[in-house]
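# Understanding the architecture of this molecule
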Amino acid sequence: GEITKIPPVHNIGALSLETGPLKSSLMTEANAWKAQYAQNLHRQARTELDRISQWLHDMNRNLKRDVNDLDDVRSAVNYLESLRDKEANLDAEFGPVEDMYALLARYDVPVPKEETDIVTDLRYSWKKLKKLSADLQEHLSQMQAPFKKNLVRNIKLFVVDVIQFRNDFEANGPMVPGVAPMEADERLRKFQRLFEERERKWIAYSEGQKLFGLPVTEYKELEQTKEELQLLEKLYGLYTLVINTVSEFKEVLWADVKDELDGMTAKISEFQNGCKKMPKALREWDAYIEMKKTIDDFLESLPMVQDLTHTGMRDRHWTALEQVCGQELPVHAETFKLSGLLDANLLEYREDVEEIANSAVKELQIEEKLAGIASDWSDKTLTFSPFKTRGLIILNGGATVELMEQLEEAQMLLGSLMASRYVAPFKEDVQEWITKLSTVSEILEQWVQVQAMWMYLEAVFTSGDIAKQLPQESKRFQGIDKNWVKIMSKANEQPVVVQYCYGNDVLQQLLPHLLEQLEMCQKALSGYLDQKRAAFPRFYFVSDPNLLEILSQGSNPEAIQPHLQSVFDSIEYVEFHKQERTQIQTIFSDVGESIQLRSRVKAEGNIEDWLNALLREMQNSLRAIVRDAASDCEALDTADLTHKYQAQVALIAIQFKWTADCEDALFRAKSERAPMMATNKKNQGRLNDLVNMNMLKDDDLRKYGKWTRRKLETMITVDVHQRDVWEDIVKRKVRDTEDFEWQKQARFYWRYDMDYAMISVADVDFKYCNEYLGVKERLVITPLTDRCYI
């Protein structure tokens, strides 16, 4: 209605909206809601109608039932009371259903005709029900007197029966003292059945008395019996359950016991809790005592049973158990049950049983560990590595070390097993493995030791130079080498370490022999090296391997260039003459600075001989250059002097110059005042020249050598110290060259009469050694450094 009243056009300012589509959509939505509401309303109405119809039908059937005894009378009275209660709320029951169907009819909602007929007949059905109730009420009134008379007579008889039942219960019931628990349980079941029969009569007669308004008779005997039976039911119910359950558990086959143990433990624990909850009045009864003992014994036996189901139990353990119990225990028989074990009275021998079970567990652990060792070492193999071009003839270092560590761990484990008190069944096996692995360990240790010495000496004796010097040892080593290759070839064929090493008598005898022979070679080689060191003492600062490598290159002098720095301070490499390839003509530092030797050195013959010759020629050549620099330091300016000579020579040249200038000033200072300050200015000027040169760009300095900047920085470091020393002497007003303030300084002189450079400190003179030092960096010289010099 409201939707149809919406005008077809709706104006909003300049807009004109057509409402037709909106109205159509609203109508569709409203109809859908109406249909859904009608459907829900019909469903609810139908549910309520079915409920009321079913109640009317049931009540109609109940009211028509025949009344033959007091139970029927009581039921009929209950139905009549229910009908009166329903009548008070009749409109509240029928009204809503009638209204819902009226609403559905008003809006033309289709409803099945049978539903409409039922709604229409509701009031009529109720009237018919009322008529039936009136007839039943009249019928009950007519039958009341006979039923009442019969009820009184039956109650008198029932009172006598109750007294007799109680007397019988006291005389022959389960509570009679001395009755066995199982017989008492049977009596309990019998009297429970008899009591249930009387309880039904008790309830029926009491209800009848209430129905006819008579005083309800009390049956104290029945009430007492009921309480006692309920109490006994708690005890004997649990007692029966416990006895039957434990009997069932005992019949479990031994093979299945392990799987059933958790369930048994849980069930018996449940029984134990139930036993604890029993009333105190029952705890003195034989049934309770027997039940509690059964539960406790079984629960106490279960841990031992569980221990005996352990997989570690072997025939020897069962034999020991049979000896303890004095009974046969055929546990491997298919028919052997748990009862066979429990009947052996395990609880009496608890400590012995627990000791046997514990032994089984411990022995199983030993057995498993021993099996693990046997399994591990059945396939552990030696690992080989190639050596030079000779193939796989050495043991791999890392893998062998790891193998020896595993051997040590296995031996420690076997030692702990041997110390166990449970090792007896496996003592022979453990002892055998201890012997095997200790033998393998000893052989491997010798093997590694022999390998290390063989590899060390192999490089020595395969070199022709050393072999020529030690012909006897070389021949001995050739025999060692053949045996070594033989050992390694067989090891490659059978790499399983235990199988190859254990029981190999040849290997056990050959390795100590090889070690002895190698030690003889080593001893001879050590004597040979000592001779070489005595001939060229600088070899004392070279390790044996490096020295051997040096000596092995006697026929190829160029090959020892990598080792020159181990015997010379700063000779990185040497240059040989282009035509005479064995003659050394120039030495070089690590940065490329060089010194041309005055005379070429022939690198021929014994290495120690021509290294001594090289040492002497290096010193002679450097002394000649220092001699020239001592002359030029007075004539050349600082820049020319610096660039003309090597770093080491230029440095000592400015030290010559500083010493000469300072001593000259000290000599003249006795008669003149100016020389001291003039020398100070001269020192500062030289330092400034060095600093200015160092300020040049890298490209400008590199043309004098890539090491020039380091050279300048070293000269500046020393010259700063020299300047500071002189300034301090000036401040102290020293006027004599013999003054200690001057004498304690490091002073540098060229002794023309002796033809060598000399360094003086205090009253001690040191001859300059002329060792080529290359281009070194210097630390700043401090007063502490000067004190250390002194």
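Right above here is the structure, for reference.
Now for a quick tour of the structure.

Definitions and cut-offs
Residues numbered from 1 in each chain as written. Predicted model: local features only at pLDDT ≥ 70, side-chain atom pairs only at ≥ 80, totals over all residues. Heavy atoms only, no water. Helix = DSSP H or I, 4+ residues; strand = E, 2+ residues; numbered from the N terminus. Buried < 20%, exposed > 50% of the residue type's maximum accessible area, 1.4 Å probe, protein only. Polar contact = N/O pair within 3.5 Å; in protein donor to acceptor, adjacent residues only side chain to side chain. Contact = heavy atoms within 4.5 Å. 1 Å grid on protein atoms, 1.4 Å probe; cavity = no way out; pocket = protein on both sides within 12 Å on 5 of 7 lines; lining within 4 Å. Points joined across faces, edges and corners; volume = space filled by probe spheres on them. Phe/Tyr/Trp six-rings, centres within 6.5 Å; stacked < 30°, edge-to-face > 60°. Lys NZ or Arg CZ within 6 Å of the ring centre and 35° of its normal. Pairing = 2+ DSSP bridges. Axes fitted to C-alpha atoms, helices over the stretch in contact; angles between N-to-C directions. Patch = residues over 30% accessible without salt bridge, like charges linked within 9 Å, V, L, I, M, F, W, Y side chains within 5 Å. Areas by Shrake-Rupley, 256 points an atom, 1.4 Å probe, with all protein chains shown as cover. Salt bridge = Lys/Arg side-chain N within 4 Å of Asp/Glu carboxyl O. Lys, Arg positive; Asp, Glu negative; His and termini not counted. Charge placed at Lys NZ, Arg CZ, Asp CG, Glu CD. Nonpolar A, V, L, I, M, F, W, Y, C, P; charged D, E, K, R; others polar.

Glancing now at the side chain of serine 760. Its place among the elements puts serine 760 in strand 9 (residues 756–761). Its relative accessible area of 1% is what places serine 760 among the buried residues. There is a polar contact of 2.6 Å between the side chain of serine 760 and the side chain of aspartate 765. When neighbours within four sequence positions are excluded, serine 760 is seen to be in contact with Gln745, Ala746, Arg747, Tyr749 and Asp765.

Another point: the layout of surface pockets. Here the largest pocket is characterised by a volume of approximately 590 Å³. As for the largest pocket, its lining consists of 29 residues, and the residues nearest its centre are Leu651, Gln655, Phe748, Arg778 and Tyr789. Within the residue set of the lining of the largest pocket, elements represented by two or more residues are helix 22 (647–668), helix 25 (708–731), strand 9 and helix 27 (783–789). The element best represented in the lining of the largest pocket is helix 25, accounting for eight residues.

Here the focus is the packing of aromatic side chains. Enumeration over the complete set of coordinates arrives at eight aromatic pairs. Both rings, one in tryptophan 454 and one in tryptophan 484, keep their centres 5.4 Å apart while their planes meet at 25°; by these two values the pair is stacked. With tryptophan 454 in helix 14 (residues 427–461) and tryptophan 484 in helix 16 (residues 471–493), the pair connects residues that are 30 residues apart, well separated along the chain. The same class applies to tryptophan 454 as to tryptophan 484, namely buried. On the numbers, 6.3 Å between centres and 90° between planes, the contact of tryptophan 726 with tryptophan 742 is edge-to-face. In this pair, tryptophan 726 sits in helix 25 while tryptophan 742 sits in helix 26 (residues 740–743), placing the two residues 16 residues apart along the sequence. The exposure class assigned to tryptophan 726 is buried, which follows from its relative accessible area of 0%. Among the aromatic residues, ring-to-ring pairing joins Phe387, Trp454 and Trp484 into one connected group. Geometry around tryptophan 377 places lysine 380 over its ring, the cationic atom sitting 5.6 Å from the centre. The ring of tryptophan 433 has lysine 436 sitting right over it, with the charged end atom 4.6 Å from the ring centre.

Note: strands within a sheet are paired through backbone hydrogen bonds, in either parallel or antiparallel orientation. Across the sheet, which stays open at both edges, the three strands sit in the order 8-9-10 with antiparallel pairing between neighbours. Sheet topology places strand 8 (747–751) and strand 10 (764–767) at the edges, where each strand pairs with a single neighbour. Strand-to-strand twist in this sheet, taken as the mean axis angle between neighbours without regard to direction, amounts to 30°. In this structure, strand 8 lies alongside strand 9, joined through five bridges in antiparallel fashion.

Together, Glu402, Glu405, Glu408, Glu409, Glu442 and Glu445 give the surface a local cluster of negative charge. Taken together, the elements giving at least two residues each to the negative patch come down to helix 13 (397–418) and helix 14. The leading source of residues in the negative patch is helix 13, at four residues. Looking at where glutamate 409 falls in the secondary structure, it is placed in helix 13.

With that settled, consider empty space enclosed by the protein. Within the structure shown, the criterion is met by two cavities of 30 Å³ or more. Approximately 40 Å³ is the volume attributed to the second largest cavity. For the second largest cavity, the full set of lining residues is Arg51, Ile52, Trp55, Lys86, Glu93 and Phe94. Looking at the lining of the second largest cavity, the elements that each hand over two or more residues are helix 1 (20–63) and helix 3 (90–106). In terms of residue class, the lining of the second largest cavity is made up of three nonpolar, no polar and three charged.

Of all five residues in strand 8, four are buried; the element is thus mostly enclosed. Two successive antiparallel strands, strand 8 and strand 9, enclose a turn made up of four residues, where aspartate 755 displays a positive phi of approximately 60°.

Moving on, we get to the environment of tyrosine 540. When you line up the elements, tyrosine 540 lands in the loop between helix 18 (505–535) and helix 19 (544–551). Between the C-alpha atoms of tyrosine 540 and glutamine 224, which are 316 residues apart in sequence, the distance is 117 Å.

Let us now look at the side chain of threonine 439. Mapped onto the elements of the fold, threonine 439 is located in helix 14. Relative accessible area serves as the criterion here: at 13%, threonine 439 is assigned to the buried category. Filtering out sequence-adjacent residues up to four positions away, threonine 439 remains in contact with Tyr502 and Gln508.

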